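Descriptive analysis of the structure
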Amino acid sequence: MTVPTEVSVRQQAERTADELFSLIKEDLAEVEREFTRHVSSHVQIVAEIGRYLQDGGGKRVRPALLLLASKLWGQPTTAHIIRMAVVVEFIHTATLVHDDIIDGADTRRGRPSVNARWGNQITVLMGDWLYMMAFELALGERNFRILDILTRLTREMTEGELIQLTHIGNVRITRPEYFDIVRRKTAYLFSACTEIGGLLGGASEAEQQRLRNYGLNLGIAFQVIDDILDFTSTDHVLGKPAGNDLREGKVTLPLIYLVEMGDTRTIEMIESVIADGDYCRVTRADLVSILESRGAIERARAEAREYAQRACECLDGLAASPYRDVLYSLARFIVERRN
């Protein structure tokens, strides 16, 4: 039997995501074309970085969420829906660009990050440009409800980043504090995608609320799994250095569970990685072994599954359709993914 390589595992995950979104394959292709059109700026550096970001790929989960939510009531995919799918991808891309500057990241999706290639000054302005382009496109829809959602979302995400920075190096961060950051930095964007999709697709107020809650719970599950993978996966599979969260001083859910157990030696190990900014005195393998042996990884995974289940329960009151089935499957895919 052939043992799969790290690259083949990553490719398999990407194929699975492609299969999951096969119902909206053509719509996602149109989103890519619209993305290309809007980053084709007459400003050469903007066009160059825009192409680089788009070529970096990604599963396009956020625009897919918006598209799927918009199709739950049998509405055709309009140009308005495609544009809003591009808007949420622009916002997501802007956050990644800014996050890489803040974190001093050198790689993203297996390639040099934008800041590593073009420097921080250009990169921060490119992130700003992406935000402004997103709002310019959204403003063109002349829909104040959507603008309210996006404005609130951007504020929450910015506050989330600021709150996270205040907890850098804080080994005693609590679970409520951790989940507050997760909701702001990740889950609210998922929630905005499904809410806007429902709004454009003809959902009632109650149905929009269900979709909003679905996205929120799904986003929390997504981030918890991301934080687990930072320990359990590899550089090649993740497309960025594994174990980086703790190097940067970020204490995530698996470590929070470990700290709560109160073992002084383990807490000292975590503190030494933060102090060194690397796994010098403590190896990543040793720390992962402790996380696994004491059940912290599985406990965090169970928490992610619980949020994914809550997301699915939000869909139960919506009319059955192939698109609702994909949203159910997406919740399962997110908690079982490898990258």
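Residues numbered from 1 in each chain as written. Predicted model: local features only at pLDDT ≥ 70, side-chain atom pairs only at ≥ 80, totals over all residues. Heavy atoms only, no water.

Notes on the overall build of the protein
Within the protein, the regular secondary structure consists of 17 helices and 2 strands. Its C-alpha radius of gyration of 20 Å places the protein within 12% of the 20 Å reference for a compact globule of 339 residues. Its C-alpha atoms give the protein principal-axis dimensions of roughly 60 × 50 × 45 Å. When the 339 residues of the protein are sorted by exposure, 55% land in the buried category. In the protein, 76% of the contacts between residues at least 6 apart in sequence involve partners at least 24 apart. About 15,000 Å² of surface is accessible on the protein, with carbon and sulfur atoms providing 51% of the total. Each charge sign in the protein was given a centre, from 41 positive and 49 negative side chains, and these centres are 2 Å apart. (Helix = DSSP H or I, 4+ residues; strand = E, 2+ residues; numbered from the N terminus. Rg over C-alpha atoms; globule rule 2.2 N^0.38 Å. Buried < 20%, exposed > 50% of the residue type's maximum accessible area, 1.4 Å probe, protein only. Contact = heavy atoms within 4.5 Å. Areas by Shrake-Rupley, 256 points an atom, 1.4 Å probe, with all protein chains shown as cover. Lys, Arg positive; Asp, Glu negative; His and termini not counted. Charge placed at Lys NZ, Arg CZ, Asp CG, Glu CD.)

As for the environment of Gly-295
Relative to the helices and strands, Gly-295 resides in the loop between helix 15 (284-293) and helix 16 (296-315). Sequence separation between Gly-295 and Ala-221 is 74 residues, and the spatial gap between their C-alpha atoms is 18 Å.

Focus on helix 3 (residues 44-55)
A rise of 1.5 Å per residue sets the reference length of helix 3, with its 12 residues, at 16 Å; its end C-alpha atoms lie 16 Å apart and thus fit the reference within 8%. Along helix 3, the positions that sit buried rather than exposed are Val-46, Ala-47, Ile-49, Gly-50, Tyr-52, Leu-53 and Gln-54. Those residues of helix 3 that are buried are in contact with helix 2 (25-39), helix 5 (79-103), strand 2 (111-112), helix 6 (114-118) and helix 7 (120-139). Gly-57 lies just past helix 3 and shows a positive phi near 75 degrees. (Expected span 1.5 Å × (residues − 1).)

Re the packing of aromatic side chains
In the structure shown here, the tally under the stated rule is 6 aromatic pairs. Ring geometry for Phe-35 and Phe-90: centres 4.8 Å apart, planes at 85 degrees, overall edge-to-face. Of this pair, Phe-35 sits in helix 2 while Phe-90 is found in helix 5, placing the two residues 55 residues apart along the sequence. In this pair, the class of Phe-35 matches that of Phe-90, namely buried. Three or more aromatic residues joined by ring pairs form one cluster here, namely Phe-35, Phe-90 and Trp-129. The ring of Phe-222 carries Arg-62 above its face, with NZ or CZ at 5.4 Å from the centroid. (Phe/Tyr/Trp six-rings, centres within 6.5 Å; stacked < 30°, edge-to-face > 60°. Lys NZ or Arg CZ within 6 Å of the ring centre and 35° of its normal.)

What to know about the packing of helix 7 against helix 8 (residues 144-166)
Where helix 7 meets helix 8, the axes come as close as 10 Å, and the angle between the chain directions of the two elements is 160 degrees. When the axis of helix 7 is compared with that of helix 8, the two are roughly antiparallel. Helix-helix and strand crossings are classified by hand; for helix 7 and helix 8 the assignment is left-handed. Only Leu-147, Leu-150, Thr-151 and Thr-154 of helix 8 make contact with helix 7, whose side of the interface consists of Tyr-131, Phe-135, Ala-138 and Leu-139. Along the lines of polarity and charge, the residues of the contact of helix 7 with helix 8 split into 6 nonpolar, 2 polar and no charged. (Axes fitted to C-alpha atoms, helices over the stretch in contact; angles between N-to-C directions. Parallel < 35°, antiparallel > 145°, perpendicular 65-115°, else oblique. Left-handed = near helix turned anticlockwise from the far one by under 90°. Nonpolar A, V, L, I, M, F, W, Y, C, P; charged D, E, K, R; others polar.)

Describing the side chain of Asp-100
With respect to the helices, strands and loops of the structure, Asp-100 is situated in helix 5. Once you skip the residues sitting within four places of it in the chain, Asp-100 turns out to touch Ala-105, Arg-108, Ser-113 and Asn-115.

Some thoughts on the environment of Lys-25
On the secondary structure map, Lys-25 appears in helix 2. Separated by 286 residues in sequence, Lys-25 and Ala-311 have C-alpha atoms that sit 23 Å apart.

Notes on helix 8
Between the first and last C-alpha of helix 8 there are 33 Å, a value that for 23 residues agrees with the 33 Å anticipated at 1.5 Å per step. Those residues of helix 8 lying buried are Ile-146, Leu-147, Ile-149, Leu-150, Leu-153, Thr-154, Glu-156, Met-157, Gly-160, Glu-161 and Gln-164. The inward-facing, buried residues of helix 8 contact helix 5, helix 7 and helix 9 (175-201). For helix 8, the N-terminal capping position is held by Asn-143, with its side-chain oxygen 3.0 Å away from the main-chain nitrogen of Arg-145. (Polar contact = N/O pair within 3.5 Å; in protein donor to acceptor, adjacent residues only side chain to side chain.)

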